Protein chains: 2
Amino acid sequence: MDNILKRTHMCGTLNANNIGEKVVLNGWIQKRRNLGGLIFCDLRDKTGIIQIVFNDNIPKEVFDKADSLRSEYVVGIAGVVAERESKNKDLATGDIEVFAEDLVIYSEAETPPIYIKDDDEVSDNLRLKYRYLDLRKGKMQRNLSFRHKISKVTREFFDSEGFTEVETPMLIKPTPEGARDYLVPSRVNPGQFYALPQSPQMFKQLLMVSGTDRYYQLAKCFRDEDLRADRQPEFTQIDLEMSFVDVDDVIEIQEKYLKKLFREVMNVEITTPLPRYPYAEAMERFGSDKPDTRFGFELKSLNDVVKNSDFQVFDNALAAGGDVRGINIDGGAEKFSRKDIDKLQEAIKHFGAKGLVWIKIGEAETTSSVSKFFTPEKMKEITDVFNGKPGDLIFIVADKAKIVFDSLGFLRRDIAGKLGMLDDSQYNLLWVVDFPLFEYDDEAGTYSPMHHPFTSPRLEDVHMLDSDPGKVRAKAYDIVLNGVELGGGSIRIHDRNLQRKMFEVLKMSDEVVNSKFGFLLEAFKYGTPPHGGLAYGLDRLVMLLSWEHSIREVIAFPKNQSAVCMVSEAPSVASEEQLEELGIQIKKSITDQ
Amino acid sequence: MDNILKRTHMCGTLNANNIGEKVVLNGWIQKRRNLGGLIFCDLRDKTGIIQIVFNDNIPKEVFDKADSLRSEYVVGIAGVVAERESKNKDLATGDIEVFAEDLVIYSEAETPPIYIKDDDEVSDNLRLKYRYLDLRKGKMQRNLSFRHKISKVTREFFDSEGFTEVETPMLIKPTPEGARDYLVPSRVNPGQFYALPQSPQMFKQLLMVSGTDRYYQLAKCFRDEDLRADRQPEFTQIDLEMSFVDVDDVIEIQEKYLKKLFREVMNVEITTPLPRYPYAEAMERFGSDKPDTRFGFELKSLNDVVKNSDFQVFDNALAAGGDVRGINIDGGAEKFSRKDIDKLQEAIKHFGAKGLVWIKIGEAETTSSVSKFFTPEKMKEITDVFNGKPGDLIFIVADKAKIVFDSLGFLRRDIAGKLGMLDDSQYNLLWVVDFPLFEYDDEAGTYSPMHHPFTSPRLEDVHMLDSDPGKVRAKAYDIVLNGVELGGGSIRIHDRNLQRKMFEVLKMSDEVVNSKFGFLLEAFKYGTPPHGGLAYGLDRLVMLLSWEHSIREVIAFPKNQSAVCMVSEAPSVASEEQLEELGIQIKKSITDQ
């Protein structure tokens, strides 16, 4: 067992240039075949697979040992690289093979419960239970390396731009971010709890107050929320903050970062400056604050054209201050049956839409779900808004603005997907800027911050804070890739008077302000630089750039919704002594169940 | 407020080469003096301080604004660099000053509760309460940057050596490391708890099983232990693991890392290979498994010389299987009064020592606390063991081996410190290897693993696992700098039979083994490479290399023992709703207090 063969190469790095070389490889047996006097093995390490040949030129005990090999045995092999007679085009190393001279078996293996191959169609639960086997797959190792490379390039960039990497604490006071905190009982203060950070927001702002000037961190963050394909309760954020900057400064340096990232990681050149869409324009044109601009189907307003029509649905929407908008699926008339359209209509109920109007423009005549309400002339007027031509299919939604935008934003992307128009090799990066500072809650009749209460308003809008807060735009920005938000941030308020004004508009009492944010306000008393920053979701970034559709593919040890889960990750019952020290007890109602 | 002057330079980077240049600086006012028609300000950013001059060549409103400046105001200044008439040798930028032409005040400041200067002698509590002000100090910003640089060089090295950075989970099953876990109540499984990792040990071994081959991570780890100057409950570990390696392979690559680290971070060339001390030798010569070799005072055994003496204390120690050992403080006779020696004797009581024998060798006569028990000839025989010469001071301890080693190990370093022999510019790096695999518990009469039960024994010692487990040496290694452990690790057991044998020796039942380590053993069934690794304490590494004496100086937001602590870090009381969801309640006995 002590005898470890000193590796000279990784399996996947060998090629025809190595022919004739003596090599030592370490790895796992992918498979073994004994063809009489010849034994063929596929040897695997994280870089790839190579064929090993044992023939009768080697000592019998080595040959016999080779004959005992089974899948997933771990071995060291010394041998000579040779050209392969029957080349294997499916294998990167398929031009060569290694004639073994020595063999050490480091470890035997039982038959593994899942196959070690990318296309093993095993259940998610089994993959996660045997994650250490699942990670042996070539694709999974490539994903781990890819993630590493993104982190590496990210750090290199921010290092070179004068950002200081600072580690912020993990056991903190519950944060005001809004999602559910993970709590950690304090032993020193029994009955009290730390929280795990939802983000380092407070700390990075304090670092700016402390003169650290430029900060970044690949920060672990926690939100106790249910799992989704693109969300884990613990996640990693590329987090940064800069002093003495305004929106343009932050965007400029991020574009430099993204340019480097795409070049070095993807071998893709992106053109900067990236397009910037004011929030209002993104909504008007794409029905989304994360527009996917890889295809058209832009929204058009029909408010002017259809007002005072006899169609009740449109009239009511407009009368209630709502909207009538639509999209034109060019050449879509033939591609969507009545049934397909019903399904789309069903789907947008999720956003609150009560119906979906459709118009198919034919060569001879135009058919529509609302033909009877409009004259052919009016119908022409409507389709002209979309530059409609024969073969086109127009969808219209009439409702409150939010419902109209959400429904049409969903439809345009969903339909583009169905029509195969989402090109994975195209990277449409863009900024959405000028978000509203506040969201209005219809029911409560109050405003709440769209991001967080430290986001700075645009200076030219400050005068509307009292008179028309809904119109005030924020110095906030999101970076969007192909319809998915990669990250976002804002310039923060560093002026105490403006901050006070914000809390006033939010109708937050001094008591609430002090208990939630008193610490930061106190810090701001002693000289605060203008500052702002950004955070990218690293997990999502890796997922998008690797074309994976689940975050689980890019995290080594993901969490699992179901009970089946790696034992090393499952929660378990605490001992009486532990609970005693922490000053807590399990509620009877639960333990008794 | 919108108007941010675009920085051209950092304050501390300006020098005589910039004379005549127009520059824009952003920063904090360190101080301001108005000398009639001239206003002098010191402007500070994280790189340093520079003098700014406002004179009457500038518009009156700018001059008046400058006159309103107070300490810690945050400003932007545009001006021209000029040679300074009265140069300030205490300031890096003391040869120059900047004649201001424009001034923007970004933020006013109240008088800060602590001074922003390195030698502000304020209490630790106040420093931690106003940490964002404390971090404005030049020294603290340099420490943050220094820490960043160490992380950077570390990552660059392991990146270049084919290690994959993998993030391991933070919410895991309680680990078998032995220290107290921080628990995190699970909402999905009320009444159950996650633990925060004490180290990623299990996960890095699983990564080796998964074929990741070489792994590293700057990992956040947690131990719910009380604070000490060199320990925080949350800390960062440079954690790594390699497959297909034995002790020499791990040490070789670590020496390459340390060489690069010391060169790039300290500008110090270290000579490799580093010395390796077997544990037994380290104890015999230095009384410590973390020997500081910057000075002598090596331990010598008197067991042979004093056996069968008439001195009861020595006799008893030897009869009980103990030891009589001592150290010689060359030329120390004159430097330690009777009172000093009493203090040393008091200090080693902490290690269980009952007494401290001393011998002072004079020109004419030798005096000692035990003169009356030994003939001059015997005394000469004793001092000869130490090559004693006139002026020397010898200390002897007789007791159980552990007490003798601990006491003398402490004395030699403590005395070297008192004599000013701990040279901070010398970096004595060394390995301690061949640790015992087990520790024997006298009282319980059982063996326990010295590191953890996955540490591999040395192969040539395996035959003693049954017959003489105390003699079995481990494939474990610690890296030591100037008497402080920087890190440590081991080659792990990857053979299931050997692992089973280990548990047998440790008298662990199958039930305990399965509940604690069953998961890893299961993983080992499916093909496990030989593997081993190491972890360095990053916080301690930064502390040692920056010559700081407390870990708080190298962590941005440290924890504090006392109640005074940054509000953003203090635990607090959870809401009824939160407790309800988590299925726990606060114990009445505590809340009622």
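Residues numbered from 1 in each chain as written. Chains lettered and ligands numbered in written order. Predicted model: local features only at pLDDT ≥ 70, side-chain atom pairs only at ≥ 80, totals over all residues. Heavy atoms only, no water.

## Overview of the overall build of chain A
A count of helical and extended segments in chain A gives 18 helices and 23 strands. A principal-axis box enclosing the C-alpha atoms of chain A has dimensions of 95 × 75 × 55 Å. Each of the 593 residues in chain A was classed as buried or not, and the buried ones make up 57%. Of the accessible surface of chain A, which amounts to about 24900 Å², a share of 48% is contributed by carbon and sulfur atoms. Between the mean site of the 78 positive side-chain charges and the mean site of the 96 negative ones, chain A shows a separation of 1 Å. (Helix = DSSP H or I, 4+ residues; strand = E, 2+ residues; numbered from the N terminus. Buried < 20%, exposed > 50% of the residue type's maximum accessible area, 1.4 Å probe, protein only. Areas by Shrake-Rupley, 256 points an atom, 1.4 Å probe, with all protein chains shown as cover. Lys, Arg positive; Asp, Glu negative; His and termini not counted. Charge placed at Lys NZ, Arg CZ, Asp CG, Glu CD.)

## Re empty space enclosed by the protein
To find the voids left in a structure, one rolls a probe of water-molecule size over its atoms. By the definition in use, this model includes 12 cavities of 30 Å³ or more. Considering the residues around the largest cavity, the lining is formed by 23 residues, among which Leu 218 and Lys 220 of chain A together with Leu 218, Ala 219 and Lys 220 of chain B are closest to the centre. Secondary-structure elements contributing two or more residues to the lining of the largest cavity are β9 (214-222) of chain A together with α4 (138-160) and β9 (214-222) of chain B. In terms of residue class, the lining of the largest cavity is built from nine nonpolar, six polar and eight charged. (1 Å grid on protein atoms, 1.4 Å probe; cavity = no way out; pocket = protein on both sides within 12 Å on 5 of 7 lines; lining within 4 Å. Points joined across faces, edges and corners; volume = space filled by probe spheres on them. Nonpolar A, V, L, I, M, F, W, Y, C, P; charged D, E, K, R; others polar.)

## As for the relation of the copies chain B and chain A
Overlay of chain B on chain A (RMSD 0.1 Å): rotation 180°, translation along the axis 0.0 Å. As the rotation angle and translation indicate, the two copies are arranged about a two-fold axis. (Least-squares fit on C-alpha atoms with pLDDT ≥ 70 in both.)

## A closer look at the domain arrangement of chain A
Interface size is commonly expressed as the accessible area that is lost once the parts come together. By domain assignment, chain A separates into domain 1 (11-107) and domain 2 (295-422). If you average the C-alpha positions of domain 1 of chain A and of domain 2 of chain A, the two centres end up 62 Å apart. (Domains from an automatic or database assignment.)

## Focus on the interface of chain B and chain A
Counting residues at the interface gives 126 residues for chain B and 126 residues for chain A. Summed over both partners, the interface of chain B with chain A buries about 11200 Å², with 59% contributed by carbon and sulfur atoms. At the boundary of chain B and chain A, one finds 23 salt bridges. Put simply, Arg 7 of chain B and Asp 213 of chain A hold a salt bridge, and the shortest N to O gap is 2.7 Å. Connecting chain B to chain A are 59 residue pairs in polar contact (both at pLDDT 80 or more). With nine residues, the single largest contributor to the side of chain B that touches chain A is α4 of chain B. Residue composition of the side of chain B that touches chain A, by class: 60 nonpolar, 28 polar and 38 charged. Bridge count between strand β23 (residues 584-586) of chain A and strand β23 (residues 584-586) of chain B: three bridges; the pairing is antiparallel. Opposite Gln 585 of chain A, over in β23 of chain B, you have Gln 585 of chain B as the bridge partner. (Contact = heavy atoms within 4.5 Å. Buried area = accessible area lost by both parts, 1.4 Å probe. Salt bridge = Lys/Arg side-chain N within 4 Å of Asp/Glu carboxyl O. Polar contact = N/O pair within 3.5 Å; in protein donor to acceptor, adjacent residues only side chain to side chain. Pairing = 2+ DSSP bridges.)

## Section: unusual backbone geometry
Of note, the amide linkage connecting Thr 272 of chain A to Pro 273 of chain A takes the cis form, showing an omega dihedral of -5°. Along the polypeptide, Pro 273 of chain A turns up in the loop between α6 (247-266) and β11 (276-278). Despite not being glycine, Asp 213 of chain B has its phi angle at roughly 75°, a positive value. Locating Asp 213 of chain B in the fold gives a position in the loop between α5 (201-209) and β9. Judged by its relative accessible area of 4%, Asp 213 of chain B is buried.

## Looking at the sheet that holds strand β4 (residues 74-83) of chain B
Residue and element names in this part refer to chain B. On the basis of which strands lie adjacent, the closed barrel formed by five strands has the order β1-β2-β3-β5-β4 and mixed pairing. Neighbour to neighbour, the strand axes of the sheet diverge by 55° on average, direction disregarded. Of the pairings in the sheet, the one linking β4 to strand β5 (residues 96-107) comprises 10 bridges and is antiparallel in character. Bridging from a neighbouring strand, Glu 83 pairs with Ile 96 of β5. Lying over the sheet, helix α1 (residues 60-67) contacts β1 (22-35), β2 (38-45), β3 (48-54) and β5, oriented at roughly 80° with respect to β5. (Axes fitted to C-alpha atoms, helices over the stretch in contact; angles between N-to-C directions.)

## Comments concerning the side chain of Asp 239 of chain A
Residues and elements named next belong to chain A. Positionally, Asp 239 belongs in strand β10 (residues 234-243). A residue is classified by how much of its surface remains accessible, and Asp 239, at 1% relative accessible area, is buried. Within polar-contact distance, the side chain of Asp 239 engages the side chain of Lys 204 at 2.8 Å. A distance of 2.7 Å separates polar atoms of two side chains, one belonging to Asp 239 and the other to Tyr 215. Setting aside chain neighbours within four positions, we find Asp 239 in contact with Pro 200, Lys 204, Tyr 215, Tyr 216, Gln 217, Ala 219, Leu 534 and Ala 535.

## Topic: the sheet that holds strand β13 (residues 323-329) of chain B
Strands belonging to one sheet form pairs held by backbone hydrogen bonds; the direction of such a pair is parallel or antiparallel. Residue and element names in this part refer to chain B. Sheet architecture is open: five strands sit in the order β12-β13-β16-β14-β15, paired in antiparallel fashion. Two strands close off the open sheet at either side, each with one partner strand: β12 (300-301) and β15 (366-368). The pairing of β12 with β13 spans two bridges and is classified as antiparallel. The partner of Lys 300 across the bridge, within β13, is Gly 326. Here helix α11 (residues 376-385) sits on the sheet in contact with β12, β14 (357-361), β15 and β16 (393-399), set at roughly 90° to β14.

## Some thoughts on helix α12 (residues 401-418) of chain A
Residue and element names in this part refer to chain A. With 18 residues, α12 ought to run about 26 Å at 1.5 Å a step, and its terminal C-alpha atoms sit 25 Å apart, in line with that. Where α12 is concerned, the buried positions are Ile 403, Val 404, Phe 405, Ser 407, Leu 408, Gly 409, Leu 411, Arg 412, Ile 415 and Ala 416. Note on α12: the residue one or two positions beyond its end, Gly 420, has a positive phi of about 70°. (Expected span 1.5 Å × (residues − 1).)

## A word on the confidence of the model for chain A
For chain A, per-residue confidence averages 93 on the pLDDT scale, and residues scoring 70 or more make up 98% of the total. Model confidence for the complex: the whole-complex pTM is 0.95, and ipTM, which rates the interface, is 0.94. (pLDDT = per-residue confidence, 0-100.)

## A few points about the UniProt feature "binding site: ATP" (unreviewed entry) in chain A
Residues and elements named next belong to chain A. Mapped onto the present numbering, the UniProt feature "binding site: ATP" (unreviewed entry) falls on Arg 223, Asp 224, Glu 225, Gln 232, Glu 485, Gly 537, Leu 538, Asp 539 and Arg 540. Structurally, the position occupied by Asp 224 is in the loop between β9 and β10. At 3.5 Å, the side chain of Asp 224 forms a polar contact with the side chain of Tyr 182. Examined against the element boundaries, Asp 539 turns out to sit in helix α16 (residues 538-545). Within the structure, the side chain of Asp 539 is placed 3.0 Å from the backbone nitrogen of Thr 236, a separation counted as a polar contact. (UniProt positions renumbered as here; feature names shortened; annotations may be inferred.)

## A few points about the packing of aromatic side chains
On inspection of all chains with the given rule, the structure shows 57 aromatic pairs over all chains. With 5.6 Å between their ring centres and 50° between their planes, Phe 244 of chain A and Tyr 106 of chain B make a pair best called tilted. Within this pair, whereas Phe 244 of chain A is found in the loop between β10 and α6, its partner Tyr 106 of chain B is found in strand β5, the two belonging to separate chains. Residues Phe 244 of chain A and Tyr 106 of chain B agree in their burial class; the two are buried. The rings of Phe 157, Phe 158, Phe 163, Tyr 216, Tyr 257 and Tyr 536 of chain A are connected pair by pair, giving a single aromatic cluster. Here Lys 117 of chain B stacks its cationic end above the ring of Tyr 115 of chain B, 5.4 Å away from the centre of that ring. Over the ring of Trp 358 of chain B we find Lys 360 of chain B; its NZ or CZ atom is 6.0 Å from the centre of that ring. (Phe/Tyr/Trp six-rings, centres within 6.5 Å; stacked < 30°, edge-to-face > 60°. Lys NZ or Arg CZ within 6 Å of the ring centre and 35° of its normal.)

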